Amino acid sequence: MADSILSLHAITKVYGSGEQKVVALDNVTASFARGEFTAVVGPSGSGKTTLLNIIGCLDSPTSGTIAWEGSPMSSMTRAALAAYRREHVAFIFQTYNLIPVLDVVENVELPLIIAGARDKPALRRKVLDMLALVGLSDKAHRRPAELSGGQEQRVAIARALVKDPTIVLADEPTANLDSRTAHEIVMLMREINQKLGTTFLFSTHDPRMMEHARRVITLMDGRIAADEGRS
Amino acid sequence: MHRAIPVLWNIAARNVLRHWKRTLITAMVLSVGIAFFLLFDSMLAGMDRITIDTAVDYENSSVSVRTQRYQQDVASLPLEEALASPDSIMNSVADLLPQGSHLTPRTRFHVRVSNWIDETPALAVAVDPDRDSTVFHTNTRLVEGNWVQPGSVVLGSMLARDLGLKVGDWLVLTAIRADGSMDAMELAVGGVADLPLTSLSNQSLYLDLVDAARILGEPVPITEIDIRLPSSLTLDAMVAQAEALAAKLEAALPGIEAFSIGEASRDYLAMKEMKSKFSYVLIFVVLLIAAVGIVNTLLMSLYSRIREVGVLAAYGLEPGDIRRLFSIEGVLVGIAGSLGGILIGALLVGLLARYGISFDSLVGNADLGALPRGILLKGQWNPAAFVMGFLFGVAVSWLATILPARRASRIEVTEALRFV
Ligand SMILES: Nc1ncnc2c1ncn2[C@@H]1O[C@H](COP(=O)(O)OP(=O)(O)OP(=O)(O)O)[C@@H](O)[C@H]1O
Ligand SMILES: [Mg+2]
């Protein structure tokens, strides 16, 4: 695929050994294109989180290769994985995971600072743009504890987008939200996907979320059981 | 290099403030430890100070000028080795003294004191009563009667008690002159002094040089010229000043030995070094306890923030920076605790320096021989101890962060994110 930003080849992940051995991912091959809005679904324990973790360079596969924008990931050391994450990946978590001691603006700018940004005014401008995008300009100096769950997840989305990642990974981003807020969050993600062309890959149990996906990958026992595009 | 130092300080500082109670307790342990170290150090220095001051005030003066031959045989107090022309030596010495110094002649000689029933050996010190009080403090310790005047002597309180002598009583002094002949004379007891050094109190007797001339013959031999230098802020400065003057006097006056307080207290000063080492052992033990507190606080902090660590790591913060984050937190607590320690320490030392405590109440009734009695122990300021206390505190807290910080940096990201 010409526009492939990320491809997985024969990824296998095995946890433990002997009696306790669990094959969380079994020979998974897939490729992701720029601007995708893709859901990973499947029953509990089917390997969704494991897949996202490996794509997110949080974990390394037992075997198989990952290639970012055509070049295979060269090394699996912790520092190298961290470098890949800084460059390519952003995360949205089920439990939002904002840093409680930082205010909204500081939370959003964190990935840029970690990635080495030093130009403070440019950084602030970028952060305020992102907050406007997620509709939280008026909450810039609140602490996470002063926000609702939906608002926290919006901040988390702004945080994920701020450094223009190659791909945004979201493991069950709406599982902690009521259905209306969950819907708003998916709509926001989809809107950003269309407006900015950001690539999203999210896992979900929620059928209503799946409906918005352009592509749905179904995992069963660590294997890809279905990979359907929608138009 | 991806260094996110400013944001690390930001997060660390806010966590420290956010859990201020925990921070305060941990820092207080450190503060109390450092404050006690400073107080202890100040008291040790105060003890050294009063010990040396007492030697200066009652026994040696800052610098005592004698002949070299007298000094070689000092234990027998050889009158025949007295200063040859004391007046001219006094004048030459006076010219070399710094502003604010005082000097006085003294003659020490062995005597026997009798109350007509019992007789006991004693150490007679012949003084010029007016000048002597500008150099020595003996006259300030009278518990009965008056200071020395022609015809009447002052006795050390224990000596007076041993002989059953009181003010107004009479005694007989017997001495051997420089030429070996013996003479005796009758004198009144004019005063009794409680001297802070047991040895002086037990055997000293002060009389006027005029009376000494009657018993030892004219012209009265002068065995030493004692010099008081202007007071110095620190003990070390005092000793250094005395040694410098002694060297200067010896260079200027042939055949003269200038015996400084530094020389007189050489053994004691050597022991002092050992004691200060002991106080560093003390601070180490205390800081060790504080370090355990810091380790514990950081582990608690880490445990409650595992997911935060996961997020930072997920966004690419490297293990080294995560380690640094926790180290900074610990060091911030350490800086706070150390600052608190030197503040509390300064307060305690300040109180001790201003009001002092009775040395006797510290040591109880124990007779410490060389150590003075009945003297107020005042705290000494030792800036070096404050700097040391602060640096030790920060260093120890930094060391205490190593283990928790390393543990934080080794957490698996995936585990950390799953952690609830
Ligand atoms: N660190 C681990 N050690 C051992 N086994 C693990 C570990 N992480 C995941 N597994 C196992 O791997 C399999 C896949 O787990 P994973 O978390 O990827 O599933 P999931 O699809 O995300 O499930 P859920 O919908 O419940 O989140 C499961 O059987 C799980 O028990
Ligand atoms: Mg999962």
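Participant: Got a minute to help me understand the packing of aromatic side chains in this structure?
Facilitator: The geometry of two aromatic rings is summed up by the distance between their centres and the angle between their planes. Enumeration over the complete set of coordinates arrives at seven aromatic pairs over all chains. Ring geometry for A:F91 against A:F93: centres 6.0 Å apart, planes inclined by 10°, an arrangement best described as stacked. Both residues of the pair, A:F91 and A:F93, belong to the buried class. Site record: aromatic cluster; members linked through ring pairs are A:F37, A:F200 and A:F202. When the ring centre of A:F37 is taken as origin, the NZ or CZ atom of A:R190, which lies over that ring, is 5.5 Å away. Directly above the aromatic system of B:F136 lies the positively charged group of B:R106, at a separation of 3.5 Å from the ring centroid.

Participant: Looking at this structure, how should I read the site of ligand 1?
Facilitator: Every one of the 15 residues lining ligand 1 counts as a neighbour, but A:S44, A:G45, A:K48, A:T49 and A:T50 are closest to it. Taken together, the residues near ligand 1 originate from chains A and B. One of the side-chain N or O atoms of A:T49 is found 2.6 Å from an oxygen atom in ligand 1. Counting residues per element, the ones that place at least two in the shell around ligand 1 are β2 (22-33) and α1 (48-55) of chain A together with α16 (413-418) of chain B. Looking at which element gives the most residues to the shell around ligand 1, the answer is α1(A), with three residues. Residue classes in the shell around ligand 1 are distributed as four nonpolar, seven polar and four charged.

Participant: Where do I start with the sheet that holds strand β7 (residues 167-171) of chain A in this structure?
Facilitator: Sheet strands pair via backbone hydrogen bonds, and the direction of the pair is either parallel or antiparallel. Residues and elements named next belong to chain A. If you trace the six strands from one edge of the open sheet to the other, you get β6-β7-β8-β3-β9-β10, paired in mixed fashion. The sheet is open, and its two borders are formed by β6 (89-92) and β10 (223-229), each paired with just one other strand. This sheet shows a mean twist of 20° between the axes of neighbouring strands, independent of strand direction. In terms of strand pairing, strand β3 (residues 37-41) meets strand β9 (residues 215-220) through four bridges, oriented parallel. Counted as the bridge partner of A39 is V216 from β9.

Participant: Please explain helix α5 (residues 149-161) of chain A as it appears in this structure.
Facilitator: All names here are of chain A. Across its 13 residues, α5 extends 18 Å between first and last C-alpha, which sits within 8% of the 18 Å expected from 1.5 Å per residue. Summarising burial for α5: 11 of the 13 residues are buried, a large majority. Where α5 is concerned, the buried positions are G150, E152, Q153, R154, V155, A156, I157, A158, R159, A160 and L161.

Participant: How do you make sense of the sheet that holds strand β1 (residues 4-15) of chain A when you look at a structure like this?
Facilitator: Residues and elements named next belong to chain A. Judged by pairing direction, the sheet is antiparallel, and its four strands sit side by side in the order β2-β1-β4-β5 without closing on themselves. Here the strands that pair on one side only, and so sit at the sheet edges, are β2 and β5 (71-72). Sheet topology note: the strand β4 (residues 63-68)/β5 ladder contains two bridges and is antiparallel. Counted as the bridge partner of W68 is S71 from β5. In the packing of α1 onto the sheet, contacts are made with β1, β2 and β4, and the angle to β1 comes to roughly 125°.

Participant: How should a nonpolar patch on the surface be read in this particular structure?
Facilitator: Residues and elements named next belong to chain B. A surface patch of nonpolar side chains, about 570 Å² in accessible area, is lined by W20, L24, M28, V32, F36 and I344. Per element, the largest residue contribution to the nonpolar patch is five residues, and it comes from helix α2 (residues 20-60). Within the fold, M28 resides in helix α2. Looking at M28, the relative accessible area reads 39%, which means it is partly exposed.

Participant: It is not clear to me how the domain arrangement of chain B should be interpreted in this structure. Could you clarify?
Facilitator: In many analyses, interface size is given as the accessible surface area lost on bringing the parts together. Residues and elements named next belong to chain B. Per the domain assignment, the segments of chain B are domain 1 (4-54 + 269-418) and domain 2 (61-264). Between the C-alpha centres of domain 1 and domain 2 there is a distance of 49 Å. Summed over both partners, the interface of domain 1 with domain 2 buries about 1,100 Å², with 51% contributed by carbon and sulfur atoms. The interface formed by domain 1 and domain 2 includes zero salt bridges. Linking domain 1 with domain 2 are two residue pairs in polar contact (both at pLDDT 80 or more), by the criterion used here. At the level of elements, α2 and α11 (266-303) are the ones that each hand at least two residues to the side of domain 1 that touches domain 2. When its residues are assigned to classes, the side of domain 1 that touches domain 2 shows six nonpolar, four polar and six charged.

Participant: Please clarify how the environment of A:I5 should be interpreted in this entry.
Facilitator: All names here are of chain A. Of note, I5 is situated in strand β1. Exposure remark for I5: the relative accessible area of 1% places this residue in the buried category. Measuring from C-alpha to C-alpha, the distance between I5 and V40 comes to 17 Å, with 35 residues separating the pair along the chain. Setting aside anything within four residues of it in sequence, one finds I5 in contact with F32, A33, R34, A67, W68, E69, T166 and T199.

Participant: Any chance you could explain the side chain of B:T138 here in plain terms?
Facilitator: All names here are of chain B. Checked against the element boundaries, T138 lands in the loop between α5 (129-135) and β4 (142-145). Judged by relative accessible area, T138 falls into the buried class, the value being 0%. The residues contacting T138, other than those within four sequence positions of it, are D57, Y58, R106, W147, A193, L195 and Y206.

Participant: Help me understand the packing of α11(B) against helix α13 (residues 319-355) of chain B, please; the structure alone is not making it clear to me.
Facilitator: For any two helices packed against each other, one specifies the crossing angle of their axes together with the interaxial distance. All names here are of chain B. The geometry of α11 relative to α13 is characterised by a closest axis approach of 10 Å and an angle of 135° between their N-to-C directions. The orientation of α11 with respect to α13, classified from their angle, is oblique. The interaxial crossing formed by α11 with α13 has right-handed handedness. Judged by residue contacts, I294, L298, S301 and L302 of α11 engage F326, E329 and G330 from α13. By residue class, the composition of the contact of α11 with α13 is four nonpolar, two polar and one charged.

Participant: Hey, could you run me through the pattern of salt bridges in this one?
Facilitator: Any two side chains of opposite charge can pair, so long as their charged atoms come close to each other. Tallying each qualifying case throughout the model produces 29 salt bridges over all chains. Between A:R86 and B:E318 there is a salt bridge, and its shortest N-O distance comes to 2.9 Å. On the criterion of chain membership, the pair formed by A:R86 in helix α2 (residues 78-88) and B:E318 in the loop between α12 (306-314) and α13 is interchain, its members lying in two chains. One exposure class covers both A:R86 and B:E318, and it is buried. For the salt bridge of A:K120 with A:E109, the shortest nitrogen-to-oxygen distance reads 3.6 Å. One end of the pair, A:K120, is in helix α4 (residues 120-133); the other, A:E109, is in helix α3 (residues 104-114), and 11 residues separate them in sequence. Given the relative accessible area of 4%, A:E109 is considered buried. One connected set of salt bridges, linked through shared partners, spans A:E36, A:R215 and A:D227.

Participant: Help me understand the interface of chain B and chain A in this model?
Facilitator: Facing the 27 residues of chain B at the interface are 30 residues of chain A. For the pairing of chain B and chain A, the buried interface totals around 2,500 Å² over both sides, and the portion due to carbon and sulfur atoms is 60%. In this structure, the connection of chain B to chain A is made through three salt bridges. Counting the contacts that link chain B with chain A gives 11 residue pairs in polar contact (both at pLDDT 80 or more). Counting residues per element, the ones that place at least two in the side of chain B that touches chain A are α1 (5-18), α12 and α16 of chain B. Looking at side-chain class alone, the side of chain B that touches chain A contains 13 nonpolar, six polar and eight charged residues.

Cut-offs and rules
- Chains are numbered independently. Their residues run from 1 in the order of the written sequence.
- To label them, take the chains in the order written and letter them from A, then take the ligands in the order written and number them from 1.
- Where totals are concerned, whole chains, interfaces and linings use all residues; where local detail is concerned, this predicted model gives features only for residues with pLDDT of at least 70, and gives and counts side-chain atom pairs only at 80 or more.
- Calculated side-chain values reflect all of the structure's heavy atoms, with hydrogen atoms and water omitted.
- Here a Phe, Tyr or Trp ring, Trp counted by its six-membered ring, pairs with any other such ring whose centre lies within 6.5 Å, and the pair is stacked when the planes are under 30 degrees apart, edge-to-face when over 60, and tilted otherwise.
- Relative accessibility thresholds used throughout: buried, under 20% of the residue-type maximum; exposed, over 50%; partly exposed, between the two (1.4 Å probe, protein chains only).
- Ring-over charges, as used throughout, are those where CZ of Arg or NZ of Lys falls within 6 Å of the ring centre and within 35 degrees of the ring normal.
- Distances are taken per atom, and a residue is near a molecule or strand as soon as one of its heavy atoms is within 4 Å of it.
- Any N or O atom pair separated by 3.5 Å or less is treated as a polar contact, with the protein-specific requirement of one donor-capable and one acceptor-capable atom, and with residues adjacent in sequence counted only for side-chain atom pairs.
- In this description a helix means any DSSP run of H or I spanning at least four residues, a strand means any run of E spanning at least two, and both kinds are numbered starting from the N terminus.
- When residues are sorted by character, Ala, Val, Leu, Ile, Met, Phe, Trp, Tyr, Cys and Pro go into the nonpolar class, Asp, Glu, Lys and Arg into the charged class, and all the rest, Gly among them, into the polar class.
- Two strands form a pair only when DSSP identifies at least two bridges running between them.
- Throughout, an axis means a line fitted to C-alpha atoms (over the contacting stretch in the case of helices), and angles, computed between N-to-C directions, take values from 0 to 180 degrees.
- A helix is expected to span 1.5 Å multiplied by its residue count minus one.
- Contact between two residues is taken to exist if any of their heavy atoms lie within 4.5 Å; hydrogens are not considered.
- Each patch is built from residues that are more than 30% exposed by relative accessible area and take part in no salt bridge. Like charges join if they lie within 9 Å; nonpolar side chains (Val, Leu, Ile, Met, Phe, Trp, Tyr) join within 5 Å.
- Per-residue and other accessible areas were derived by the Shrake-Rupley procedure at a 1.4 Å probe size, with only the shown protein chains allowed to occlude residues.
- A pair is scored as a salt bridge if a Lys or Arg side-chain nitrogen falls within 4 Å of a carboxyl oxygen belonging to Asp or Glu.
- The domain limits used here are those given by an automatic or database domain assignment.
- What counts as buried area is the accessible surface, traced by a 1.4 Å probe, that two parts surrender upon association, with contributions from both included.
- Here roughly perpendicular refers to angles of 65 to 115 degrees, roughly parallel to angles under 35, roughly antiparallel to angles over 145, and oblique to all remaining angles.
- Two helices cross in a left-handed way if the nearer one is turned anticlockwise from the farther one by less than a right angle. They cross in a right-handed way if the turn is clockwise.

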